[in-house]
Amino acid sequence: MPVAHHVMSHAAERPARLAVRGPLSELTYEELADKIEGAARHLLDRGAGPGTLVGIGLADPVELLVAVLAADLAGATPLVGDHTWDAARWAGVAGAEAPVLVNEPLPDVAGAPVRHDPRPGDRAWACFSSGSTGRPRAVVRSRESWTASYPHLNDLTGIGPDDVVLVPGPLLSSLYSFAALHALATGATAMVPGRWPGGSLDALLDEATAVHLVPHRLPDVLDRPGSLRTAVVGGAALDPDVRGLAARAGVRVVAYYGATELSFVAVDADGGGLRPFPGVQIEVRAMESPAEGSLGEVWVRSPWLAEGYLGGAAGPLRRDGAGWVSVGDVAEPYREGEPLRLRGRGGGAIQTGGATVVPEDVEEVLRKVPGVGDIVVVGSPHPSLGAVVTAIIEAGAPPSRALLEATARGRLDVAQRPRRWYALPSLPRTGTGKPARAQVEALLAAQLAGRPGDAELRRLV
């Protein structure tokens with residue numbers, strides 16, 4: 001069932017229930033349903049409908065959700081982008097799809113009720129992998145591959161129609177957009193500040209009973225949990241000490257591992273380790289590179305998988321022809337019935353402030369700067385962002401940091417831009433001549449810990 005239909009049902013049953021609260025406005029379910037229908041009529045007048053892509057770039061998260069649900073009601077495929085993108089950027093993202101663009105709040109158009117009868121397999125949702133970082137890759141999926149997982153998430157988290165769910169991040173991120181839509185489909189109240197709420201966090205936690213967030217933000221909400229009962233945490237490994245802190249604060253933590261292309265893969269609902277999400281099968285297959293030792297690559301067979309990338313764009317999603325897919329994430333050997341022990345994201349992807357940065361995308365841009373022989377991009381720890389993008393350049397006489405940062409500003413999104421820069425005369429390499437990423441990461445970790453080895457990194461300032 002479309003999420004918009006869920007909203008209409010909640011509006012009929014509990015019209016005065018608060019549906020969504022943002023930084024500028026709030027709407028009851030009755031008000032939200034009315035706005036969705038009026039906005040859907042406007043989209044239909046503009047030619048949106050089944051098989052149509054609707055590109056949505058709105059700064060106000062409440063108006064953004066109205067537009068997303070209006071597209072859903074009209075039978076179109078909503079795709080949330082950045083509100084700063086111009087038509088050229090959208091054209092680069094969508095290619096031949098030519099989306100109907102929404103960059104202003106949609107008007108409420110009067111008329112007959114909007115009716116769209118969904119069909120199994122409808123391409124109903126699209127969202128950016130990596131929080132729009134890296135090459136813009138829009139992941140497209142059927143409605144069932146996302147919304148049919150909602151009841152399982154309700155069972156695992158206990159989230160229901162009486163909850164107030166805090167979604168403290170940009171809805172451009174698939175993690176946060178999923179959380180907001182799940183709350184509305186459930187009949188709960190979605191609080192959507194649009195970004196990390198900072199100084200207003202305490203007031204929000206006085207009302208919120210559940211929160212969706214990334215691991216490095218969990219300690220912030222545990223400092224003063226207020227009414228919080230459940231924290232749903234996704235995106236990276238969860239520190240066991242933080243889980244203990246949550247228990248002492250009376251907050252139940254449900255941690256999960258997934259990817260935009262895969263949706264939910266595994267969940268840890270009780271601290272006992274990651275187990276397959278309902279309906280998911282997991283295999284960890286041997287890596288091709290012997291340098292990875294006993295580690296393997298995570299492969300998944302599941303009803304929650306995406307169909308692929310918009311316009312057939314290239315990306316990390318791979319299929320084996322037998323229904324199994326992988327995005328290259330790495331784990332220890334796995335046996336059914338035992339916890340899944342992840343060891344990293346595919347290609348060393350960097351989790352930073354709720355976004356996932358693909359190192360190869362940053363390296364491709366910066367490798368073209370004059371004076372850069374080669375480059376390795378990794379993540380280095382940061383107390384509030386989880387990690388920051390860090391560039392290690394191979395150059396005897398490296399270019400200035402000013403030139404590197406100017407290139408980054410011109411060619412990379414904000415989350416992709418390195419915040420730390422180092423240089424080495426020669427990068428360590430594998431037997432095939434490729435940069436030995438693991439050795440570079442070890443050099444950086446040693447230097448940050450105050451114990452540099454034979455190859456000391458030179459900090460660019």
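What you see is a predicted model; the values in this text were computed from it and never measured.

**Q** Could you give me a rundown of the packing of helix α3 (residues 61-74) against helix α7 (residues 174-186), with the residues and numbers involved?
**A** It is the contact of α3 with α7, at a shortest axis distance of 12 Å, that shows an interaxial angle of 70 degrees. By the angle between their axes, α3 is roughly perpendicular relative to α7. As for the relative orientation of α3 and α7, their crossing is right-handed in sense. Residue-level inspection shows L65, V68 and L69 of α3 in contact with α7, the latter providing A180, L181 and L184. In the contact of α3 with α7, the residues fall into six nonpolar, no polar and no charged.

**Q** Pulling in residues and values, what's your account of the pairing of strand β10 (residues 210-213)?
**A** Neither face of β10 is exposed, since A210 and H212 on one face and V211 and L213 on the opposite face are all buried. Where strand β8 (residues 164-166) and β10 come together, two bridges link them in parallel fashion. Within β10, the position partnered with L166 by the bridge is V211. Where β10 lies against strand β11 (residues 230-234), four bridges are found, and the strand directions are parallel. Following the sheet pairing, L213 is matched in β11 by V233.

**Q** Give a description of α7 that names residues and reports values.
**A** Given 3.6 residues per turn, any residue in an α-helix points the same way as the ones three and four places further on. Between its first and last C-alpha, α7 extends 18 Å over 13 residues, near the 18 Å set by a 1.5 Å rise per residue. Where α7 begins, the capping side chain belongs to S173, and its oxygen is found 3.2 Å from the backbone nitrogen of L175. G187 sits one or two positions beyond α7 and adopts a positive phi of about 95 degrees.

**Q** An account of the pattern of salt bridges is needed here, citing residue identities and associated values.
**A** Summed over the entire model, instances satisfying the criterion amount to 19 salt bridges. Residues D122 and R143 are paired through a salt bridge, measuring 3.9 Å at the closest nitrogen-oxygen approach. Within this pair, whereas D122 is found in the loop between β5 (100-102) and β6 (123-128), its partner R143 is found in the loop between β7 (138-142) and α5 (144-147), the two being separated by 21 residues in sequence. No difference in accessibility class separates D122 from R143, as the two residues are buried. Close ionic contact of E363 with R367 constitutes a salt bridge, the shortest N to O distance being 3.8 Å. Relative accessible area serves as the criterion here: at 4%, E363 is assigned to the buried category.

**Q** Got a sec to walk through the packing of aromatic side chains? Specific residues and values, please.
**A** This structure, assessed with the given rule, holds eight aromatic pairs. Centre to centre, the rings of Y150 and F178 are 5.4 Å apart; their planes meet at 75 degrees, and the pair counts as edge-to-face. Taken together, the residues Y150 in helix α6 (residues 150-157) and F178 in helix α7 connect sequence positions 28 residues apart. Judged on exposure class, the residue Y150 and its partner F178 are both buried. Note on F178 and F264: the rings are 5.3 Å apart at their centroids and 80 degrees apart in plane angle, and the pair reads as edge-to-face. Taken together, the positions of F178 in helix α7 and F264 in strand β13 (residues 263-268) put the pair 86 residues apart, joining distant regions of the chain. By the burial criterion, F178 is buried, and F264 matches it. In this structure an aromatic cluster arises from ring pairing among W125, W146, Y150, F178, Y256, F264, F277 and W304. In this structure, R285 packs its charged tip against the face of W299, placed 4.5 Å from the ring centre.

**Q** Describe the nonpolar core, listing the residues and the values that go with them.
**A** Note that soluble globular proteins tend to have their nonpolar side chains buried in a common cluster. Ranked by internal contacts, the top residues of the largest apolar core, which has 109 residues, are L218 and L262. Beyond its immediate sequence surroundings of up to four residues, L218 is in contact with L213, A231, V233, L238, V242 and V253.

**Q** Residue-level account of the sheet that holds strand β26 (residues 420-424), with values.
**A** One open sheet accounts for four strands, arranged β24-β25-β26-β27; its pairing is mixed. A single partner strand is all that each edge strand has here, and the edge strands are β24 (374-382) and β27 (458-459). When β26 meets β27, the two strands line up antiparallel, connected through two bridges. Bridge assignment links A423 to a residue of β27, and that residue is R458.

**Q** Please provide a residue-by-residue account of the pairing of strand β25 (residues 386-394), values included.
**A** Note on strand geometry: in a regular strand, side chains alternate between the two faces of the sheet. When you tally the buried positions in β25, you get eight out of nine residues, the bulk of the element. Where β24 lies against β25, nine bridges are found, and the strand directions are antiparallel. Counterpart to V376 in the pairing with β25 is I392. Bridge count between β25 and β26: five bridges; the pairing is parallel. Of the residues in β26, the one forming a bridge with A391 is W421. Traced from β25 through helix α12 (residues 401-411) to β26, the parallel crossover comes out right-handed.

**Q** Account for the environment of D270, with residues named and values stated.
**A** As for its placement among the helices and strands, D270 is situated in the loop between β13 and β14 (275-276). In the structure, D270 is positioned 93 residues away from E363 in sequence and 39 Å away in space, judged by C-alpha atoms. A polar contact of 2.9 Å, which involves the side chain of D270, links it to the backbone nitrogen of G272.

About the cut-offs
- Residues numbered from 1 in each chain as written.
- Predicted model: local features only at pLDDT ≥ 70, side-chain atom pairs only at ≥ 80, totals over all residues.
- Heavy atoms only, no water.
- Axes fitted to C-alpha atoms, helices over the stretch in contact; angles between N-to-C directions.
- Helix = DSSP H or I, 4+ residues; strand = E, 2+ residues; numbered from the N terminus.
- Parallel < 35°, antiparallel > 145°, perpendicular 65-115°, else oblique.
- Left-handed = near helix turned anticlockwise from the far one by under 90°.
- Contact = heavy atoms within 4.5 Å.
- Nonpolar A, V, L, I, M, F, W, Y, C, P; charged D, E, K, R; others polar.
- Buried < 20%, exposed > 50% of the residue type's maximum accessible area, 1.4 Å probe, protein only.
- Pairing = 2+ DSSP bridges.
- Expected span 1.5 Å × (residues − 1).
- Polar contact = N/O pair within 3.5 Å; in protein donor to acceptor, adjacent residues only side chain to side chain.
- Salt bridge = Lys/Arg side-chain N within 4 Å of Asp/Glu carboxyl O.
- Phe/Tyr/Trp six-rings, centres within 6.5 Å; stacked < 30°, edge-to-face > 60°.
- Lys NZ or Arg CZ within 6 Å of the ring centre and 35° of its normal.
- Core = buried A, V, L, I, M, F, W, Y, C linked by side-chain atoms within 4.5 Å.
- Right-handed = clockwise from strand over helix to strand, strands pointing away.

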